[in-house]
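# Architecture and fold: a report
Now for the letters of each chain:
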Amino acid sequence: MPKLFRWCRWNSATFIATLAAAIALVTGASVALANSAVGTAQAANSGSAKAVSASTTTSGIAPAMSCSGIAQLDLASAVPGVPFEISSATEIAASANTLGNWAACDVKGVIAPQLHFEIKLPETGWQANYLQVGCGGLCGNTSVNNAPASAGCVPLTTGAFAVASSDEGHYQGGGLFSTDPTLRADFGYKSDHELLQAAKTVIKQYYGQAATHSYFDGCSQGGHQALTEAQRYPTDFDGIIAGAPANNFTALNTFSHAWTAQSVYLNGGPATITNADLADLHKAVLKGCGAPADGIIADPLSCTWDPGTIQCKSGQTSTSDAYCLTPDQVTTLRRIYAGPTDEHGQLLYPGYQLRGSELNWAGIITPATATGASGDISFVRETLRYQIFDSPQPTLTYKDIKFTAGYYKKVMALGEGMYDATDPDLTAFKKAGGKLILWHGLGDQHIPSVGTMAYYKAVEKAVGGEAATMTFARLFLLPGVAHCGGGQGPDTFDALTAITDWVTKGAAPASLTTKSVDSSGNTTATRPVYPFPYYAKNTTGGPAGDASSYTPVKSTAEANLKLNWLGSFRSGYETVGNWVGGKWIVSKAKK
């Protein structure tokens, strides 16, 4: 489950001149920093909502009906093709609202056949904005609190947004639901489009007017949901935040996770690398990559350190003071850093673990003990058994994955049309005025960030180049940050303010400022992140934990990224499923 970021964007005038110059190199034009502070909406707590006409006041747009009245509405035919019902509508006091200090009408309902959703409607402070949030893993639960780049940030805390989320059509976290074709389609591509339509209908009923702007925020599977919307339904959202997207879902949950599992458990034996190795291994990587004193590799794609350089000499025993690797450990690590390849050396997933991510592997790539199980094993199991093939294959495990071109083509043909969100042609989204912020932690242990870099470069190619892409889409990479947060680098930031400024003011984010926060909520470090392919480098000699010490530097490794990948980012692979005459028919999607 992604962590919830709870900080609003910090603005600094220190970077303006240097940053504008750097961005101009990319866009061919001057780009102004979005430094204007967000006006704080005044949300007055109220008791019960009154049935009054919608009107804009200092506290926002007031409800046009009571909260309890929503549950009495018959909306089954309100959206053609999307039958849904409201199951409950409950008032929540501002003090009990986990999203912010605003009273809400908490609406729950079901979209046929079993897509459960929740909508929090502000009783005061609403500014005609709508935010839809994604989920994590294989979903299976509804949580409007899962706003990874938005939670706790103005204006979300003041009730400016109605917020909704769903369980993507099923209520258990494993892959078993995918044995039903309807639920498979709901998870693969349909659920968020249907939720948007239902939520907008409820919003219009409650306030007596429609939402003016719609936004999406999600990480991991939520990032997959975000890109699915931009690709398949380009007019649904004005602004989209896609974090660590699991957009290459099929290959990620088969070839990528199985590769790391088979690499750690060489030849099906005990784990060659366990959690106990990670601290010493990480120290060796930092030294080999020439990391600065703060221990964060800002441009890890440029590091090619070879684990073989610390292989134990004959008769040598590894210790914490003199850490070295066995031949099997060297093989394991080389495979992890190289990524899954077929018999011809071509990647079967467009990514691999970057050097510097090692501390984040615990429990996911590496087990606690040599005979324990890693998280990768379970990820592969659920997808391989229930989500890829036309019928359940309950005996399959990660050991059954074959790293061959033939097996790759078979698996991708079965899964990518329904599950993947890898279409790079975002022309329709751009034409509709949509804005996209992609972000990814460079220390991500679940979803290698290289895949997101590769996808972004494919978008650049599809829409007309770097400059054309940056007018509507930007990618930010966070050094040292693990999957959807955590890790060693500053991981707390506000992309919601950035995306709303971009949509409503035309102020493209020239940087985002991240920070580290301790358990008491105190800021311990700040660092800027710049649009791909730029990274923050301490060129001033100032404190490593002070954002003003950094300036943007172009990463040659990122700018020149090319992958020898068997697959491709392309249009036309998408499929849709429908019941026709009692039969489930899968056909090519129409864009």
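First things first, this report covers the structure right here in the doc. In this text the structure is predicted, and so the values were computed from the model without any measurement.

Note on placement: D376 falls in helix α8 (residues 375-387). Put simply, D376 is tucked away with no salt bridge, and the nearest opposite charge, on R335, sits 11 Å away. Residues within four places of D376 in sequence aside, it is in contact with H257, T260, A261, I364 and I365.

To continue, consider the pairing of strand β10 (residues 435-441). In terms of burial, β10 is largely enclosed, as seven of its seven residues are buried. Every second residue of β10 is oriented toward a common face, with K435, I437, W439 and G441 on one face and L436, L438 and H440 on the other, all of them buried. For β10 and strand β11 (residues 473-478), the ladder comprises six bridges, and the chain directions are parallel. Along β11, the bridge assignment pairs I437 with R474.

Further remarks concern the pattern of salt bridges. This model, assessed by the stated rule, comprises six salt bridges. Between R570 and E416 there is a salt bridge, and its shortest N-O distance comes to 2.7 Å. Highlighted residues: R570 in the loop between α14 (556-559) and β16 (575-580) and E416 in helix α9 (residues 405-419), separated in sequence by 154 residues. In this structure R570 comes out as partly exposed when scored by relative accessible area, which is 32%.

What follows is about the layout of surface pockets. Each pocket or cavity is described by its volume, and for the largest pocket that value is around 520 Å³. Of all the elements in the fold, those that place two or more residues in the lining of the largest pocket are α5 (249-264) and α8. Considering only residue class, the lining of the largest pocket consists of eleven nonpolar, 15 polar and one charged. Size it by volume and the second largest pocket reaches roughly 420 Å³. Taken together, 17 residues form the lining of the second largest pocket, with A454, K457, A458, K461 and L561 sitting closest to its centre. In terms of residue count, helix α11 (residues 449-463) provides more of the lining of the second largest pocket than any other element does, six residues in total. Of the residues that constitute the lining of the second largest pocket, the class distribution is eleven nonpolar, no polar and six charged.

Here is what the cut-offs are and how they apply
Residues numbered from 1 in each chain as written. Predicted model: local features only at pLDDT ≥ 70, side-chain atom pairs only at ≥ 80, totals over all residues. Heavy atoms only, no water. Helix = DSSP H or I, 4+ residues; strand = E, 2+ residues; numbered from the N terminus. Buried < 20%, exposed > 50% of the residue type's maximum accessible area, 1.4 Å probe, protein only. Lys, Arg positive; Asp, Glu negative; His and termini not counted. Salt bridge = Lys/Arg side-chain N within 4 Å of Asp/Glu carboxyl O. Contact = heavy atoms within 4.5 Å. Pairing = 2+ DSSP bridges. 1 Å grid on protein atoms, 1.4 Å probe; cavity = no way out; pocket = protein on both sides within 12 Å on 5 of 7 lines; lining within 4 Å. Points joined across faces, edges and corners; volume = space filled by probe spheres on them. Nonpolar A, V, L, I, M, F, W, Y, C, P; charged D, E, K, R; others polar.

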